[in-house]
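Below are the chains, spelled out letter by letter.
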Amino acid sequence: DLLIEPEHATAYTVGGSRLFNLKEKQFLRIKIELTHLQLPATFLLRSEQSFYVRIKDPRDGYTNEGRYIGAGIGPGSNSLMFDISYVRNISSFGVKFERFLHNNDLYYAAFANTTNVDLNWVDLSSTFYSNIKLKGFLISAEYTPVYTINYEYLQGNDIKNTHARVSLTYYFD
């Protein structure tokens, strides 16, 4: 398989982060991450189950109470994340963009023989965040508007949602 069809039964997460020095103790940070759990096109010729979907219990590997530990996006999904931020000491602020394609393996299994070719369930989000250190405290805040296209694979079922979070952390010296 490695020589003939290396992509068969593969999943991957690849990413990186880079700090660019602006001034003393001030940086521009860029991060990117791609997770791909969708089955390759070879599953049309050779049957294969989605990752993290198994009938039998796992015999070995990393598990939690007998269940596979894996990517939080779930089986058959893909995600792409790009993050850019300004960092000064422990304080930072930035923006993160993410595209999350929900269980595309299920999508192809359910709609392969239909004329509905544009029912992918996709989340598009942009997170605005900041972490500010004031004396012994770190104040963190996030605001994330999410635009969901074809929620649960239903055409025209587009949803707008918002997530927000504020936290306060105290540092003991």
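Structure: see above.
Predicted, not measured: the structure shown is a model, and the values here were computed from it.

1. Remarks on the packing of aromatic side chains
Phase 1 of the analysis: Tallied over the full model, the rule gives nine aromatic pairs.
Phase 2 of the analysis: Look at Tyr86 and Phe93: their rings are 5.4 Å apart centre to centre, the planes differ by 45 degrees, and that puts the pair in the tilted class.
Phase 3 of the analysis: Ring geometry for Trp121 versus Tyr151: centroids 5.2 Å apart, planes at 80 degrees, classification edge-to-face. Of this pair, Trp121 sits in the loop between helix H1 (104–111) and strand E7 (122–134) while Tyr151 sits in the loop between strand E8 (137–149) and strand E9 (159–170), and the two are 30 residues apart along the sequence.
Phase 4 of the analysis: When its relative accessible area of 30% is taken as the criterion, Tyr151 is described as partly exposed.
Phase 5 of the analysis: Of the aromatic side chains, those joined through ring pairs into one cluster are Tyr107, Tyr108, Phe111, Trp121, Tyr151 and Tyr153.
Phase 6 of the analysis: In this structure, Lys133 packs its charged tip against the face of Tyr171, placed 5.0 Å from the ring centre.

2. Let's talk about the environment of Gly15
Phase 1 of the analysis: Relative to the assigned elements, Gly15 resides in strand E1 (residues 12–23).
Phase 2 of the analysis: Separated by 65 residues in the primary sequence, Gly15 and Leu80 place their C-alpha atoms 9.5 Å from one another.
Phase 3 of the analysis: Once residues within four sequence positions are removed from consideration, Gly15 is found in contact with Ile32 and Glu33.

3. Structural notes on the layout of surface pockets
Phase 1 of the analysis: If you add up the space inside the second largest pocket, you get close to 170 Å³.
Phase 2 of the analysis: Lining the second largest pocket are Lys96, Glu98, Phe100, Asp123, Leu124, Ser125, Thr127, Glu142, Thr144, Val146 and His163.
Phase 3 of the analysis: Sort the elements by how many residues they give to the lining of the second largest pocket and E7 lands first, with four residues.

Procedures and definitions
Residues numbered from 1 in each chain as written. Predicted model: local features only at pLDDT ≥ 70, side-chain atom pairs only at ≥ 80, totals over all residues. Heavy atoms only, no water. Phe/Tyr/Trp six-rings, centres within 6.5 Å; stacked < 30°, edge-to-face > 60°. Helix = DSSP H or I, 4+ residues; strand = E, 2+ residues; numbered from the N terminus. Buried < 20%, exposed > 50% of the residue type's maximum accessible area, 1.4 Å probe, protein only. Lys NZ or Arg CZ within 6 Å of the ring centre and 35° of its normal. Contact = heavy atoms within 4.5 Å. 1 Å grid on protein atoms, 1.4 Å probe; cavity = no way out; pocket = protein on both sides within 12 Å on 5 of 7 lines; lining within 4 Å. Points joined across faces, edges and corners; volume = space filled by probe spheres on them.

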